Each structure stands twice: as C-alpha cells, then as structure tokens.
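Coordinates in review
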Amino acid sequence: MTHTTTGLLTGKVIFISGASRGIGAAAGRLFAREGASVVLAARNTNALQHLVTEIRDAGGVADAVTVDLADRAGITAAVHRAGDLHGRLDGAFNNAGIGQQPGPFDTTSDTDIDAQFAVNFRAHWTAMNAEIALMRNGGGGAIVNTSSIGSRRANPFLPAYGAMKRALNSLTESAAVTLGPQGIRVNGITPGGTSTEMMLEWDAAAPGIIAAAEAASPMNRMAEPVEVAEVAAWLLSDRASMVNGAIIPVDGGTGA
Ligand SMILES: NC(=O)c1ccc[n+]([C@@H]2O[C@H](COP(=O)([O-])OP(=O)(O)OC[C@H]3O[C@@H](n4cnc5c(N)ncnc54)[C@H](OP(=O)(O)O)[C@@H]3O)[C@@H](O)[C@H]2O)c1
C-alpha cells in the first residue's frame, strides 16, 4: 500500500477577502501551505503584496487584488480576477469585515449602520454571486463566510455588527440549501475573540474588551488568527464533503 502525502487544499484555487491582515492573512499563509493557489483581496495593496511575496518565497502560489468591499462592481471584478488568473475557482473565504463604534443601539450612527450593511453583509452577497458563477463552470466548490460569536445572542455592545453578522448566517444557510444540489457547499464560522487589529481597535474604543474576552473563554485566552483559519481550511477541503449550511463556532467554548 502506498501513501501519497498531499496538502488539505492541494490543487484548489481559493479567493480570500480581508487577506491583508488578521484572520484573512493567516488563511492566505495556511491555505497556500496546504497546496492552494490563493487570490488575496483587501484595500491595502502594500500589505497584500508583502504577503504575496512571503508566500511565493516559501514556494506557494499567490496573487493580490485590491478591492473596496463597499464597491459592488469592484467586488465582482476582484472575484473574476481569480478566474482570469487560474481559469476556475474552487473555494472562497469571504472573511473581510469591519467593526463599529461600540455603544447601545440608540447611539449607533446611520453611518455605522450603512457601513455595516455594505461591508459585513451586502459585500458577501455580491461576492458569493460572482463566486458561484465561476464554481458552476468548474462543477462545484465550497464557500466559507466569516460571521462572529457576536451574531449568536443579543449584542448590546455592537448592535449593528451583530445584526449584520446574524443576517450573514441566514444568507449562508439559504445559499447552502439553494446551492447544495449544484455541488457548492456553503458554511459559516463564528469566531470568538481573536488576536487581531479588530480586537485592538475595540479595546482602544472601550478599554477592557480584550480582558473580558479572555475571561469569558474556557480556554482563558483569545484565539490566534491561524486557529480560526484552520477551521475554514477544513470546511473548504474535500474532507468536509458532507458539511453544508453549518455555522461553526471557533470560540474555545465561550458560546457554549
Ligand atoms: N478578531 C475577532 O475577535 C473577531 C471575532 C469574530 C469575528 N471576527 C470577524 O473575522 C473577520 C476578520 O477580522 P479580523 O479579526 O481578522 O480583523 P482585521 O485584522 O481588522 O482584518 C479585517 C480585514 O478586512 C479587510 N477589510 C475591511 N474593510 C474592507 C473593505 N471595505 N474592503 C475590503 N477589505 C476590507 C481589511 O483589509 P483592508 O483594511 O486592507 O481593506 C482586513 O484585511 C471579520 O469578518 C470579523 O468581523 C473577528
């Protein structure tokens, strides 16, 4: 009996949004290490190019595409870039997201609500439509959307963020049911507190948030970005072939 060692994602072309830092950048490194050709999307072109260089220097395949997820046409063009580069798309990690000014809902500004809708919800809808068009051509694929533990219960601290992430969970489940028969699996992940700039920003706006996240976790710590990316990698892989429409916590048990 011979054993062939292959990466979890060998041969797959995967689009990753929010890849300039945090969870998305960790996913770029990990997916490439697992054999995927990654197409890295975000606004910060310099950060993306640095990551492309790092991945290529390590022997991986990576390209960058600059996009502002508030721009619908730009999103479609960014996803199509993956098709232009590789002739197909096998996976998508719709991971980019923004925080809001913390506070109860009666202090949340219209500007914050509009931005939350555009970037944390509508952008993923638009991206998924472009992604599934490419995946259908290739006979199937898998999509993972990054939601949040903040979508699961009342979220008085981040009400617009929580509402849009919960809406994303619903879209993820609906898409899973619609697209399953076409060979496209759609799943979501709900990270808990994860050690990225987003948490640093929230902690700066409302000091004590990081300590509270650590204290609330049975693991007594936040997640490292790569620990979240690992779950997305598995969901995008053929090893998760029967997982569809799941919203999987990656929170160390905080939500249990
Ligand atoms: N960190 C946590 O504790 C935590 C917990 C639960 C869920 N999440 C979710 O995890 C995902 C990743 O967050 P993170 O923690 O890695 O945060 P992060 O370090 O702040 O990274 C956010 C990423 O999204 C990109 N992005 C933001 N706005 C964008 C826009 N308008 N257009 C294109 N890209 C945009 C950023 O890139 P550019 O600035 O270069 O555009 C960056 O790459 C988000 O969906 C977040 O809601 C995080």
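Structural data are supplied above this passage.
Below or above, wherever it landed, is the structure these notes cover. Counting restarts for each chain: residues are numbered from 1 in the order of the written sequence. Reporting of local features is limited, given that this is a predicted model, to residues whose pLDDT is at least 70; pairs of side-chain atoms are given and counted only at 80 or more, and all residues count toward the totals for whole chains, interfaces and linings.

1. Details of the site of the ligand
The condition is simple: The rule is simple: place the C-beta atom from the backbone, and if it lies within 6 Å of a molecule or strand, the residue is near it. Put simply, DSSP H or I for four residues or longer makes a helix, DSSP E for two residues or longer makes a strand, and each gets a number counted from the N terminus. Under the grouping applied here, Gly and all other residues not named as nonpolar or charged are polar, the nonpolar ones being Ala, Val, Leu, Ile, Met, Phe, Trp, Tyr, Cys and Pro and the charged ones Asp, Glu, Lys and Arg.
In the neighbourhood of the ligand, 30 residues make up the surrounding shell, with Gly-18, Gly-22, Arg-43, Asn-44 and Gly-97 lying closest. Elements that contribute at least two residues to the shell around the ligand include exactly α1 (22-33) and α6 (197-205). Tallied by class, the residues present in the shell around the ligand amount to 14 nonpolar, 12 polar and 4 charged.

2. What about the sheet that holds strand β3 (residues 61-66)?
Let me state the cut-off plainly: If DSSP finds at least two bridges between two strands, the strands pair. To obtain each axis, a line is fitted to C-alpha atoms, and for helices this fit is confined to the stretch in contact; angles are then taken between N-to-C directions over 0 to 180 degrees.
Here we have 7 strands laid out as an open sheet, ordered β3-β2-β1-β4-β5-β6-β7, and parallel in their pairing. The sheet terminates laterally at β3 and β7 (247-250), the two strands that pair on one side only. Going from strand to strand, the sheet's axes swing by 20° on average, the running direction of each strand aside. Here strand β4 (residues 91-94) pairs with strand β5 (residues 141-146) via 4 bridges, running parallel. Looking at the pairing, Gly-91 lines up with Ala-142 of β5.

3. Side note on the packing of helix α4 (residues 110-138) against helix α5 (residues 159-179)
Quick note on the threshold: Should an angle fall under 35 degrees it is called roughly parallel, over 145 degrees roughly antiparallel, and 65 to 115 degrees roughly perpendicular, with every other angle called oblique. Crossing handedness is defined as follows: a turn of the near helix away from the far one that is anticlockwise and smaller than a right angle gives a left-handed crossing, while the clockwise case is right-handed. By the convention adopted here, residues are in contact when the distance between their C-beta atoms, placed from the backbone, does not exceed 7 Å.
Across the interface, α4 lies against α5 with an axial gap of 9 Å and an inter-helix angle of 15°. Between α4 and α5, the interaxial angle falls into the category roughly parallel. The two elements α4 and α5 meet at a crossing, and its hand is right-handed. Taken together, the residues of α5 that come into contact with α4 (itself represented by Asp-112, Ile-113, Gln-116, Phe-117, Asn-120, Phe-121, His-124, Trp-125, Met-128 and Ile-132) are Ala-160, Tyr-161, Met-164, Lys-165, Ala-167, Leu-168, Leu-171, Ala-175 and Leu-179.

4. Some words on the environment of Ala-41
Note the cut-off: Buried, partly exposed and exposed are defined by the number of other C-beta atoms within 10 Å of a residue's own C-beta, namely 20 or more, between the two limits, and 12 or fewer respectively, with C-beta atoms placed from the backbone.
For Ala-41, the position within the fold is in strand β2 (residues 37-42). Overall, Ala-41 belongs to the buried group, with 33 C-beta atoms counted inside 10 Å. Apart from residues lying up to four places away in sequence, Ala-41 is in contact with Phe-15, Ile-16, Ser-17, Ala-19, Val-65, Val-67 and Ala-78.

5. As for the nonpolar core
The cut-off we apply is this: Structurally, a nonpolar core is described as a collection of buried Ala, Val, Leu, Ile, Met, Phe, Trp, Tyr and Cys residues joined by way of C-beta atoms within 7 Å.
In terms of nonpolar packing, the biggest core is built from 62 residues, with Ile-14, Ala-27, Val-38, Leu-40, Ala-41 and Ala-232 touching the most fellow members. Ignoring anything within four residues of it in the chain, the contact list for Ala-232 reads Ala-27, Phe-93, Val-144 and Ile-189. Formed by 6 residues, the second largest nonpolar core is a distinct cluster that contains Leu-158, Ala-160, Tyr-161 and Leu-168.

6. Some remarks on unusual backbone geometry
In this structure, Asn-220 takes a positive phi of about 60° despite not being glycine. Locating Asn-220 in the fold gives a position in the loop between α7 (209-216) and α8 (225-236). Note on Asn-220: 9 C-beta atoms within 10 Å, which makes it exposed.

By themselves, these figures tell us nothing about what the structure is for.
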